[in-house]
Amino acid sequence: MLYSNIIRPILFNLPAEIAHNITMKQLEFLQQSALGRGVIRYLGGEVKSSPINVMGLQFKHPVGLAAGLDKDAMAIRGLFELGFSHIEVGTLTPRPQPGNEKPRLFRLKKDEALINRMGFNNHGSLAASNRLIKRDPSWGIVGGNIGRNKMTDNENAVDDYLISMNHLRASVDYFTVNISSPNTPGLRDLQHKKALNNLLSAVFEENKKSDTPRPLAVKISPDLSKEEIQSISRLAVECGFSGIIGTNTTIGRDSLKTKTNKVKKAGLGGLSGKPLNGRSTDVVQWIKEAVDDSVAIIGVGGVFTAQDVIDKRNAGADLVQIYTGFVYNGPSMIHDIQEAWRP
Ligand SMILES: Cc1cc2nc3c(=O)[nH]c(=O)nc-3n(C[C@H](O)[C@H](O)[C@H](O)COP(=O)(O)O)c2cc1C
């Protein structure tokens, strides 16, 4: 109520990225004191524990925050206080980069959707690692989502992923190899079989060298065909990965309620939120058909309600993540949808 009647109208009056930055600054501020954390917990409501073991990690419950909201791990304590069981930071690249020109984040309110072409704006994987190393592991699970810098070509992409892994290996609980953002030119070509085999095998080998190898997940695009998704899923299993995250944002613009010129005005980028829900649930189901229980499946895309969570679970998801639903519904949604997972 507080969110939908007061906070959201104020935030939605501002350009989307400014609203995002203000929210993150508030969380960063509030997370620093016991009083502030109490305020955050009040906003999120009570989130009960329903422990679940996925990828060999113990999650307090199945609902987490998708990558991209707290790319630089600035507010993870605050986000855990809101009730997320896990937070995926990133996408992080080995070198800091500013991302694309602004404006680069747009709301399609009629569709309860967002279009973004942020372009991996981040402070770099080392800076995030230095922040994360100080966290208390009892807050929850942190995933490190890694990608390549914009200026690195695909021939040298593997090195970027390995550098970030080495920066982050002591400070995250699992890694996500992101090959599916539409906003880094050429990145999604890494989903082609030969390049992907190369990348996933190299990541696996590098991980194995560590004293503390982490579970590995790969995040895929909803814009691939069923055959491509199933072939990537099998490859991920062959390469020793423990999880597949389906899905990232889509470049599709089908069946939107928002007027075409408004959609065109937003321009290129990845669409997230309600319009992505059906497709991402289909993707979860295709992954499940292809690999059954041999990897964990993390369902992401258009989760807004308890029913959306149940649909993702029925399609085969072991965990769900949210981003756009959180922007539209506010913090109490974690409590509402997490309840749905209960038997
Ligand atoms: C503004 C914005 C930035 C994002 N940045 C990233 C990112 O850096 N890395 C990534 O893997 N996914 C990123 N995503 C994709 C989300 O993690 C998620 O896969 C997608 O938005 C679908 O979920 P949703 O419909 O709940 O938002 C971003 C999404 C949004 C809206």
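Above this text sits the structure in question.
Cut-offs used in this document
- Residues numbered from 1 in each chain as written.
- Predicted model: local features only at pLDDT ≥ 70, side-chain atom pairs only at ≥ 80, totals over all residues.
- Heavy atoms only, no water.
- Helix = DSSP H or I, 4+ residues; strand = E, 2+ residues; numbered from the N terminus.
- Rg over C-alpha atoms; globule rule 2.2 N^0.38 Å.
- Buried < 20%, exposed > 50% of the residue type's maximum accessible area, 1.4 Å probe, protein only.
- Contact = heavy atoms within 4.5 Å.
- Areas by Shrake-Rupley, 256 points an atom, 1.4 Å probe, with all protein chains shown as cover.
- Lys, Arg positive; Asp, Glu negative; His and termini not counted.
- Charge placed at Lys NZ, Arg CZ, Asp CG, Glu CD.
- Near = heavy atom within 4 Å.
- Polar contact = N/O pair within 3.5 Å; in protein donor to acceptor, adjacent residues only side chain to side chain.
- Pairing = 2+ DSSP bridges.
- Axes fitted to C-alpha atoms, helices over the stretch in contact; angles between N-to-C directions.
- Core = buried A, V, L, I, M, F, W, Y, C linked by side-chain atoms within 4.5 Å.
- Patch = residues over 30% accessible without salt bridge, like charges linked within 9 Å, V, L, I, M, F, W, Y side chains within 5 Å.
- Salt bridge = Lys/Arg side-chain N within 4 Å of Asp/Glu carboxyl O.

Caption draft 1: The overall build of the protein, seen in detail. The number of helices and strands found in the protein is 13 helices and 13 strands. By the compact-globule yardstick of 20 Å for 343 residues, the protein fits well, its C-alpha radius of gyration being 18 Å. Dimensions of the protein, computed from C-alpha atoms along their principal axes, come out at roughly 50 × 45 × 40 Å. Burial status across the protein gives 58% buried among its 343 residues. Sequence separation of at least 24 residues holds for 72% of the intrachain contacts in the protein that already meet a minimum separation of 6. As displayed, the protein has an accessible area near 14,700 Å², and 54% of this comes from carbon and sulfur atoms. The distance from the centre of the 42 positive side-chain charges to the centre of the 34 negative ones in the protein is 6 Å.

Caption draft 2: View of the site of the ligand. If you check the shell around the ligand, you find 24 residues, and the closest are A67, T91, K219, G302 and T324. Between the ligand and K71, the relevant distance is 2.9 Å, taken from an oxygen atom to a side-chain nitrogen or oxygen of the residue. In this structure, an oxygen atom belonging to the ligand sits 2.9 Å away from a main-chain N or O atom of T247. Relative to its unbound accessible surface of 610 Å², the ligand loses 98% to contact with the protein.

Caption draft 3: Representation of the sheet that holds strand β7 (residues 141–146). With respect to topology, 8 strands assemble into a closed barrel ordered β3-β4-β7-β8-β9-β10-β12-β13, the strand pairing being parallel. For this sheet, the mean inter-axis angle between neighbouring strands, taken without regard to orientation, is 25°. Two strands pair when backbone bridges link them, and strand β3 (residues 63–65) and strand β13 (residues 319–322) are joined in this way by 3 bridges, in the parallel orientation. Along β13, the bridge assignment pairs L65 with I322. Packing of helix α10 (residues 277–291) onto the sheet brings it into contact with β9 (216–220), β10 (243–246) and β12 (296–300), and relative to β12 it is tilted by some 170°.

Caption draft 4: Seen up close, the nonpolar core. If you look at the biggest cluster of nonpolar residues, it comprises 82 residues, and the most contacted ones within it are Y161, V203, F241, I322 and F326. The element that contributes the greatest number of residues to this core is α10, accounting for 6 residues. Once residues within four sequence positions are removed from consideration, F241 is found in contact with V177, L200, V203, L216, A217, V218, A236 and V295. Counting 11 residues, the second-largest nonpolar core is a separate cluster that includes F12, L105, F304 and Y328.

Caption draft 5: Fine view of a positive patch on the surface. Judged by side-chain charge, K109, K110, K259, K262 and K265 come together as a positively charged surface patch. The residue K262 is located in helix α9 (residues 260–266) in this model.

Caption draft 6: View of the pattern of salt bridges. On inspection of all chains with the given rule, the structure shows 12 salt bridges. Residue E28 pairs with K25 through a salt bridge whose shortest N-O separation is 3.7 Å. Pair noted here: E28 and K25 are both in helix α2 (residues 16–30), with a separation of 3 residues, about one helical turn. Of the residues examined, K25 reaches a relative accessible area of 53% and is grouped as exposed. The partner of D223 in a salt bridge is R188, with the nearest N and O atoms 3.1 Å apart. Remark: R188 occurs in the loop between β8 (174–178) and α7 (193–209) and D223 occurs in the loop between β9 and α8 (226–238); sequence separation between them is 35 residues. Overall, R188 belongs to the buried group, its relative accessible area being 19%.

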